[in-house]
Amino acid sequence: MKKTALLLTTCCALVLAGCSATEPSTGTPQTTTQSTDSQASQDDSASAAATAAPEESTAAPEETTVALGDKMTLADWTITAKKASVQKKIKNGKYQYFQPKKGNTFIVVSLSVRNEGKQAEDFLPRIGYEDKMTSVTLFYKDGYEYKPTELIAYDKDLTTRKVQPLSTEKGVVAFEVPKEVGKAKKDLKLMFKSQGQTASYTMK
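1. Some remarks on the sheet that holds strand β8 (residues 135-140)
Here's step 1: Strand order in this open sheet of 5 strands is β1-β13-β12-β8-β9, and the pairing throughout is mixed. Two strands in the sheet have a free side with no partner beyond their single neighbour: β1 (64-67) and β9 (144-146). The sheet shows a mean angle of 30 degrees between the axes of neighbouring strands, taken without regard to direction.
Here's step 2: One ladder, built from 6 bridges, connects β8 with strand β12 (residues 188-194); its direction is antiparallel. Its bridge partner being in β12, Tyr140 is matched across the sheet by Leu188.

Listed below in structure tokens is the structure:
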């Protein structure tokens with residue numbers, strides 16, 4: 001009788017063990033489902049970002065262009081380029097003068113500048129931050145650039161001239177250029193930049 005009971009107990013244990021082995025695990029599928037849901041959510045976000053309307057680009061500020069003799073306002077400066085002339089040499093006093101290299105000439109621009117700011121500032125400084133300093137460039141046919149020639153010890157030269165607040169200075173800015181450039185005033189443009197603003201003079 002005891003042997004029969006022992007045999008029945010063993011059989012039941014084997015049957016239960018077989019049933020337990022065939023039941024699926026509940027851990028791994030849940031993890032897989034969560035990963036799939038997360039990937040689907042990321043795909044939806046990427047799709048929404050791709051179909052969203054692109055941001056409008058900020059248009060560059062329009063450049064102001066005036067003729068010689070007109071007044072322009074640029075950042076803290078009021079500038080008037082009165083006239084431009086081509087000169088073979090620039091006299092400095094009775095006996096001294098500035099002369100360009102052979103094959104070159106000077107384009108001399110007469111200016112009046114007024115500092116509207118609250119602090120003294122250098123007009124056309126030698127060095128400084130490009131987005132803050134005031135600069136001027138002479139363009140020829142929109143492809144060639146010329147920077148001012150500093151006329152050292154010339155009292156009319158406005159480069160590096162310090163201008164007090166609400167004060168006006170008059171003088172010149174000279175550019176040494178090839179003679180062929182000096183003969184083509186209609187193809188020249190004088191561009192001033194200051195604190196991210198731009199304004200130009202036509203030289204016709």
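Text resumes after the structure shown.
2. Some words on the packing of aromatic side chains
Here's step 1: Counting across every chain of the model gives 5 aromatic pairs.
Here's step 2: Here the aromatic rings of Phe192 and Tyr201 are separated by 6.4 Å at their centres, their planes lie at 80 degrees, and the arrangement is edge-to-face.
Here's step 3: Under the relative-accessibility criterion, Phe192 is labelled buried at 0%.
Here's step 4: Classification of Tyr201 by relative accessible area gives buried; the value is 0%.
Here's step 5: An aromatic cluster is defined as three or more aromatic residues linked by ring pairs; in this entry it consists of Trp77, Phe123, Phe192 and Tyr201.

Cut-off values and rules
Residues numbered from 1 in each chain as written. Predicted model: local features only at pLDDT ≥ 70, side-chain atom pairs only at ≥ 80, totals over all residues. Heavy atoms only, no water. Pairing = 2+ DSSP bridges. Helix = DSSP H or I, 4+ residues; strand = E, 2+ residues; numbered from the N terminus. Axes fitted to C-alpha atoms, helices over the stretch in contact; angles between N-to-C directions. Phe/Tyr/Trp six-rings, centres within 6.5 Å; stacked < 30°, edge-to-face > 60°. Buried < 20%, exposed > 50% of the residue type's maximum accessible area, 1.4 Å probe, protein only.

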